[in-house]
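# What the coordinates show
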Amino acid sequence: MNKLWPVPDCRIEQITPDGPTHLRIAARSFQRARRCPDCGRASRAVHSRYERHLADLPSLGHSLSVHLRVRRFYCRNTDCARQTFVERLPKLAAPFARRTDRLAAAQGQTALALGGEASARLLARLSMPASADTVLRLIKATPLPDQPAPRVVGVDDWARLLKVPSALPME
């Protein structure tokens with residue numbers, strides 16, 4: 001199943017239809033120990049478990065949601081300020097995210113191409129629904145591409161120097 005629906009660092013336990021146009025994937029992490037994000041010490045002591053619900057890329061016209069069972073661990077380092085921490089899955093989703101990174105990337109690319117309202121309409125038809133406000137937030141969160149430093153600066157006939165800093169020599 002992991003080859004059909006890759007969920008990084010997780011094992012798929014069950015895939016069930018959840019309505020006529022929606023599939024639900026139940027998954028959990030398969031690693032025994034996790035590292036504390038503050039001190040870096042590995043821990044196997046499980047504090048509790050809970051379920052995260054993540055929207056994912058559609059498959060065969062069906063929208064997908066990943067119901068991910070995650071664990072909270074005790075940090076056994078007495079010098080660490082953090083007593084418990086949640087296992088993170090950086091290849092799948094950011095902490096506190098409600099969608100996978102690959103869905104956010106697809107929605108972001110559509111948003112950059114079409115803008116707010118048009119992108120929201122298209123995404124709904126592609127089984128990746130997002131509101132126009134969410135689409136605009138994705139556009140704002142997209143980093144600007146690196147631009148090379150300009151080699152030549154052009155000045156037109158109407159440019160006028162108003163104030164010359166004293167550190168620059170005048171010709």
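Residues numbered from 1 in each chain as written. Predicted model: local features only at pLDDT ≥ 70, side-chain atom pairs only at ≥ 80, totals over all residues. Heavy atoms only, no water.

## A word on unusual backbone geometry
Within the chain, Leu-60 stands out as a residue other than glycine whose phi angle is a positive 55°. In this structure Leu-60 comes out as exposed when scored by relative accessible area, which is 81%. Phi at Ser-127 takes a positive value of approximately 65°, unusual for a residue other than glycine. Following the sequence through the fold, Ser-127 ends up in the loop between α2 (116-125) and α3 (132-141). A residue is classified by how much of its surface remains accessible, and Ser-127, at 18% relative accessible area, is buried. (Buried < 20%, exposed > 50% of the residue type's maximum accessible area, 1.4 Å probe, protein only. Helix = DSSP H or I, 4+ residues; strand = E, 2+ residues; numbered from the N terminus.)

## Let's talk about α2
The set of residues buried in α2 consists of Gly-116, Ser-119, Ala-120 and Leu-123. Relative to the axis of α2, the buried residues are bounded by an arc of 100° and lie together on one face. Those residues of α2 that are exposed and angled more than 90 degrees off the buried face are Glu-117, Arg-121 and Arg-125. Buried residues along α2 sit in contact with α1 (101-114) and α3. Taken from the residues just after α2, Ser-127 is the one with a positive phi, measuring 65°. (Arc of directions from axis to C-beta. Contact = heavy atoms within 4.5 Å.)

## Here we look at the confidence of the model for the protein chain
Here the protein chain shows a mean pLDDT of 86. Residues at 70 or above account for 88%. Averaged pLDDT values over the elements of the protein chain bottom out at 88 in strand β1 (residues 10-17) and peak at 93 in α2. (pLDDT = per-residue confidence, 0-100.)

## Digging into the pairing of strand β2 (residues 22-29)
With six of eight residues buried, β2 is to be regarded as a mostly interior element. Summarising the sheet, β1 and β2 pair through seven bridges and their orientation is antiparallel. Bridge pairing links Ile-12 to Ala-27 in β2. Where β1 folds back on β2, the antiparallel hairpin that results is connected by four residues, among which Gly-19 adopts a positive phi of roughly 105°. (Pairing = 2+ DSSP bridges.)

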